[in-house]
Amino acid sequence: MIPVGPAERPALERFLRAHLLDAMFPLANLAAHGLHGAHPNATRFWVDAPDPTAALGLTRRGMALPVWDAGFDATRAVPLLGDAPVTGLAGAAHVVRPLMRAANLDRRPALLSDDEPQYALDLDSLAVPPGAGRLVPISRDPATAAAWRLAYERELHLGHGDPAGAEATVRRWTAEDSHRILVVDGAPVALTGFNARLPDIVQVGSVFVPPALRRRGLGALAVAQHLAEARAAGVRRATLFAASPAAASVYERLGFHRAGTFALALLEPEAAA
């Protein structure tokens, strides 16, 4: 496969835009950090040809982001994964799973390895549920945001959770202005955010409601209000992944429709030699 430099970038972007729902992470990373950034999410890319039918991104933190057409031989991408420790993979399930098998990454212990239904929405069709509450930036209450991020990680069994890491994540969210807290009667009740953004589409992620406040529609209200805010800023579409049938039902009531299956694998660190 061909390393992507400035000359190949336009063709890469065209290819990824043609696979938009599967390519939000690589496209957002490319837009935010370019081809050679120092940020952990800065991503190197390879394509299979000048007019690509396949692309592989590998972030500085070791996340592999494959996007390709049906029929591409995943073994062609395997040598590129030996360049640095792979910490995880994200992308369409029909792409990620064959690549994991080809690279023997399916044998690595995983912190998380899920295939989740992916949903999409034209924001003109967004159904905002009734309910009192207003969104505020997480900078208004970073301690609560960090506590909820830590609880989210522990709920997903991402190790035991790291308080310092959760605080660092919230600082990054604050700098990116990507997340919001829903406040009802002066109390924080839910967290919502976008884990990838482009001018015309956002990807919802890190939605969290404390267990004692669940089944009251607060997560749906937070997501819907944040999407309405994005729509007012010119965003036209949204996508997300549903972690459970209950979550899928909530998103369907907001107007989302099933668009595919997304795979996310976060791998245990490899033992030192």
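Residues take numbers from 1 onward in each chain, read along the sequence in its written order. Per-residue local features of the predicted model are confined to residues with pLDDT of at least 70, and side-chain atom pairs are confined, for both listing and counting, to 80 or more; whole-chain, interface and lining totals are unaffected and use all residues. Computation of side-chain values: all heavy atoms of the structure, hydrogens and water removed.

Colleague: Go over the overall build of the protein chain, please, and point to the residues and values.
Modeller: Under the DSSP-based scheme used, a helix requires at least four consecutive residues in state H or I and a strand at least two consecutive residues in state E, with every element numbered from the N terminus. When you go through the protein chain residue by residue, the secondary structure sums to seven helices and 12 strands. Taken over the C-alpha atoms alone, the protein chain extends approximately 55 × 45 × 35 Å along its principal axes. Exposure is judged per residue with a 1.4 Å probe applied to protein chains only, and the accessible area is read against the type maximum: over 50% gives exposed, under 20% gives buried, and values in between give partly exposed. Taken across its 273 residues, the protein chain has 49% of its residues classed as buried. Contacts are assigned to residue pairs with any non-hydrogen atoms lying within 4.5 Å of each other. Across the protein chain, every contact between residues at least 6 apart in sequence was considered, and the portion connecting residues at least 24 apart equals 69%. Using a 1.4 Å probe, the Shrake-Rupley method yields the accessible areas, and only the shown protein chains count as cover for residues. Counting every atom, the protein chain has about 12,700 Å² of accessible surface; 54% of that belongs to carbon and sulfur. For the protein chain, the separation between the mean place of its 27 positive charges and that of its 27 negative charges on side chains is 4 Å. A residue counts as positive if it is Lys or Arg and as negative if it is Asp or Glu; His and the chain ends are not included. The location of each charge is read from NZ of Lys, CZ of Arg, CG of Asp or CD of Glu.

Colleague: Give a detailed account of the pattern of salt bridges, specifying residues and quantitative values.
Modeller: Between Lys or Arg on one side and Asp or Glu on the other, a salt bridge is scored when a side-chain nitrogen of the former is within 4 Å of a carboxyl oxygen of the latter. Per the counting criterion, the structure on display carries nine salt bridges. Between Arg236 and Asp124 there is a salt bridge, and its shortest N-O distance comes to 2.4 Å. Pair noted here: Arg236 is in the loop between helix H6 (218-232) and strand E11 (237-241) and Asp124 is in the loop between strand E6 (110-122) and strand E7 (134-137), with a separation of 112 residues, a long-range link. Salt-bridge contacts for Arg180 lead to Asp177; the nearest nitrogen and oxygen are separated by 2.9 Å. Taking the relative accessible area as the measure of exposure, Asp177 reaches 38% and is therefore partly exposed.

Colleague: Residues and numbers for the environment of Glu153, please.
Modeller: With respect to the secondary-structure elements, Glu153 resides in helix H4 (residues 142-155). Its relative accessible area of 12% is what places Glu153 among the buried residues. In sequence terms Glu153 and Ala132 are 21 residues apart; their C-alpha atoms lie 28 Å from each other.

Colleague: Describe the packing of H6 against helix H7 (residues 245-254), listing the residues and the values that go with them.
Modeller: The axes of two packed helices give the description: the angle between them and the distance between them. Between N-to-C directions, angles cover 0 to 180 degrees, with each direction set by a line fitted to C-alpha atoms, over the stretch in contact for helices. Direction vectors running N to C along H6 and H7 enclose 45 degrees, while the axes themselves pass 10 Å from each other. Looking at the two axes, H6 sits oblique to H7. You can see that H6 and H7 cross each other, and the crossing is right-handed. Only Val250, Tyr251 and Leu254 of H7 make contact with H6, whose side of the interface consists of Ala220, Val223 and Ala224. Classes in brief: Ala, Val, Leu, Ile, Met, Phe, Trp, Tyr, Cys and Pro nonpolar; Asp, Glu, Lys and Arg charged; the others, Gly included, polar. Taken together, the residues that form the contact of H6 with H7 break down as six nonpolar, no polar and no charged. Orientation is classified from the angle alone, with under 35 degrees giving roughly parallel, over 145 giving roughly antiparallel, 65 to 115 giving roughly perpendicular, and any other angle giving oblique. It is the rotation of the near helix from the far one that decides the hand of a crossing: anticlockwise by less than a right angle makes it left-handed, clockwise makes it right-handed.

Colleague: Please set out the pairing of strand E5 (residues 88-92) residue by residue, giving values where relevant.
Modeller: Looking down a regular strand, the side chains alternate between one sheet face and the other. Taken across its five residues, E5 has five buried, putting it largely inside the fold. DSSP bridges decide pairing: two strands pair if at least two such bridges lie between them. The pairing of strand E4 (residues 63-68) with E5 spans two bridges and is parallel. Along E5, the bridge assignment pairs Ala64 with Leu89.

Colleague: Would you mind going over the packing of aromatic side chains in detail, with residue names and values included?
Modeller: The criterion for an aromatic pair is that two Phe, Tyr or Trp rings (for Trp, the six-membered ring) have centres within 6.5 Å, with stacked assigned to planes under 30 degrees apart, edge-to-face to planes over 60 apart and tilted to the rest. A full pass over the atoms with the stated rule returns five aromatic pairs. For the ring pair Tyr251 and Phe256, a centre distance of 6.1 Å and an interplane angle of 70 degrees mean the geometry is edge-to-face. Through pairs of rings, three or more aromatic residues link up here, namely Phe25, Phe241 and Phe262.

Colleague: I'd like a rundown of the packing of H4 against helix H5 (residues 163-176), residues and numbers included.
Modeller: H5 packs onto H4 with a crossing angle of 125 degrees between their chain directions and a minimal axis gap of 8 Å. Judged by the angle between their axes, H4 and H5 are oblique. Considering the relative orientation of H4 and H5, their crossing is right-handed. Residue-level contacts link Pro142, Ala145, Ala146, Arg149 and Leu150 of H4 to Pro163, Ala166, Glu167, Thr169, Val170 and Trp173 of H5. Here the contact of H4 with H5 is built from residues that sort into eight nonpolar, one polar and two charged.

Colleague: Give a detailed account of the pairing of strand E3 (residues 54-59), specifying residues and quantitative values.
Modeller: Of all six residues in E3, six are buried, a share of seventy percent or more. Because side chains alternate across E3, one face comprises the buried residues Ala54, Leu56 and Leu58, and the other comprises Ala55, Gly57 and Thr59, equally buried. The turn joining strand E2 (residues 43-47) and E3, which pair antiparallel and follow one another in sequence, is formed by six residues. Where E3 lies against E4, five bridges are found, and the strand directions are antiparallel. Looking at the pairing, Gly57 lines up with Leu65 of E4. The turn linking E3 back onto E4 is made up of three residues, and Gly62 within it adopts a positive phi angle of 95 degrees.

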